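Each chain, letter by letter, is given below.
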Amino acid sequence: MTLVDRDTIESMIPHQGAMCLWDAVTGWDASSVTLRSASHRDPANPLRSDGMLRALHLCEYGAQAMAVHGGLRARASGASVRPGMLVALRGVQLHVARIDALSGDVECVAEVLVESEDSQQYAFRIVCDGVLLAEGRAAVMLGPAPL
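What counts and what doesn't
- Residues numbered from 1 in each chain as written.
- Predicted model: local features only at pLDDT ≥ 70, side-chain atom pairs only at ≥ 80, totals over all residues.
- Heavy atoms only, no water.
- Helix = DSSP H or I, 4+ residues; strand = E, 2+ residues; numbered from the N terminus.
- Rg over C-alpha atoms; globule rule 2.2 N^0.38 Å.
- Buried < 20%, exposed > 50% of the residue type's maximum accessible area, 1.4 Å probe, protein only.
- Areas by Shrake-Rupley, 256 points an atom, 1.4 Å probe, with all protein chains shown as cover.
- Lys, Arg positive; Asp, Glu negative; His and termini not counted.
- Charge placed at Lys NZ, Arg CZ, Asp CG, Glu CD.
- Pairing = 2+ DSSP bridges.
- Contact = heavy atoms within 4.5 Å.
- Axes fitted to C-alpha atoms, helices over the stretch in contact; angles between N-to-C directions.
- Phe/Tyr/Trp six-rings, centres within 6.5 Å; stacked < 30°, edge-to-face > 60°.
- Salt bridge = Lys/Arg side-chain N within 4 Å of Asp/Glu carboxyl O.

Undergrad: Help me out: how do you make sense of the overall build of the chain in this one?
TA: Within the chain, the regular secondary structure consists of two helices and seven strands. For 147 residues, the compact-globule formula gives about 15 Å, and the C-alpha radius of gyration of the chain, at 14 Å, lands near that figure. If one aligns the C-alpha atoms of the chain with their principal axes, the spans along those axes are about 40 × 30 × 25 Å. Counting all 147 residues of the chain, 39% fall into the buried class. With the model as given, the accessible surface of the chain reaches about 7400 Å², and the carbon-plus-sulfur share is 55%. Within the chain, one finds 12 positive and 17 negative side-chain charges whose respective centroids are separated by 4 Å.

See the structure below:
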């Protein structure tokens, strides 16, 4: 099930082309978003080095999930999407060393934990075929809305 496709995702976040890591939003509401991606299998994934995509890069997948959720919420309310800057990662646990050899799609659930007018904290969990790959929390400072 795809609620939001890749083109729409790209229109809401600053990451474009291959750097947009998510393929689809499969569910969302005001407090959380669920996304799916096959980009970890792409040999041209820009996060790869030495032919590998390390699990550490799942933090970027989590951060982009947060940005997508922010974009969805802004669009639903009629507001402009505010740019965000990742300022902290906390409690990150990586349960695998690399993700490029995974045959299934990766899925992420990102959930708002705390938010104020200018910042947000999310928790994220990323799985593949029901196996937990990574989890953690991330904090974002929001910039001013574009004019």
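Anyway, onward from the coordinates.
Undergrad: Is there a simple way to explain the pairing of strand β7 (residues 131-142) in this structure?
TA: Examined bridge by bridge, strand β4 (residues 84-94) and β7 share eight bridges and lie antiparallel to one another. In the sheet register, G84 faces β7, and the bridge partner there is L142. Sheet topology places strand β6 (residues 119-128) next to β7; ten bridges connect them, and they run antiparallel. Within β7, the position partnered with V127 by the bridge is L132. Between the antiparallel neighbours β6 and β7 lie two residues, among them D129 with a positive phi of about 50°.

Undergrad: Help me understand the environment of L113, please; the structure alone is not making it clear to me.
TA: Checked against the element boundaries, L113 lands in strand β5 (residues 106-115). If sequence neighbours within four positions are ignored, L113 has contacts with Q121, Y122, A123 and R137.

Undergrad: Explain the sheet that holds β6 here, please?
TA: The strands making up a sheet are joined through hydrogen bonds of the backbone, oriented either antiparallel or parallel. As summarised here, the arrangement of the seven strands in space is β1-β2-β3-β5-β6-β7-β4, forming an open sheet in which the pairing is antiparallel. Every interior strand has two partners, whereas the edge strands, β1 (4-5) and β4, have only one. Across two bridges, β1 lies against strand β2 (residues 24-28) in antiparallel orientation. Its bridge partner lying in β2, V4 is registered against V25. The sheet contacts of helix α2 (residues 58-77) involve β1, β2, β3 (32-37), β4, β5, β6 and β7, and relative to β6 the element is tilted by about 120°.

Undergrad: Quick question: what am I supposed to make of the packing of aromatic side chains here?
TA: Tallying each qualifying case throughout the model produces one aromatic pair. Aromatic pair W22 and Y61: ring centres 5.4 Å apart, planes at 90°, arrangement edge-to-face. On the criterion of sequence distance, the pair formed by W22 in the loop between α1 (6-12) and β2 and Y61 in helix α2 is long-range, its members being 39 residues apart. The exposure class of W22 is buried, given its relative accessible area of 0%.

Undergrad: Hey, could you run me through the pattern of salt bridges in this one?
TA: For side chains bearing opposite charge, pairing can occur when the charged atoms are close. All told, the structure shown has nine salt bridges when counted by the stated rule. R41 is the salt-bridge partner of D105, the closest N and O atoms lying 3.1 Å from each other. Of the two residues, D105 sits in the loop between β4 and β5 while R41 sits in the loop between β3 and α2, which places them 64 residues apart along the sequence. A residue is classified by how much of its surface remains accessible, and D105, at 25% relative accessible area, is partly exposed. Exposure remark for R41: the relative accessible area of 33% places this residue in the partly exposed category. Taking the shortest distance from any N to any O, the salt bridge between R82 and D118 comes out at 2.8 Å. Here D118 lies in the loop between β5 and β6 and R82 lies in the loop between α2 and β4, a separation of 36 residues in the sequence. One network of salt bridges, with partners in common, ties together R6, E10 and D23.

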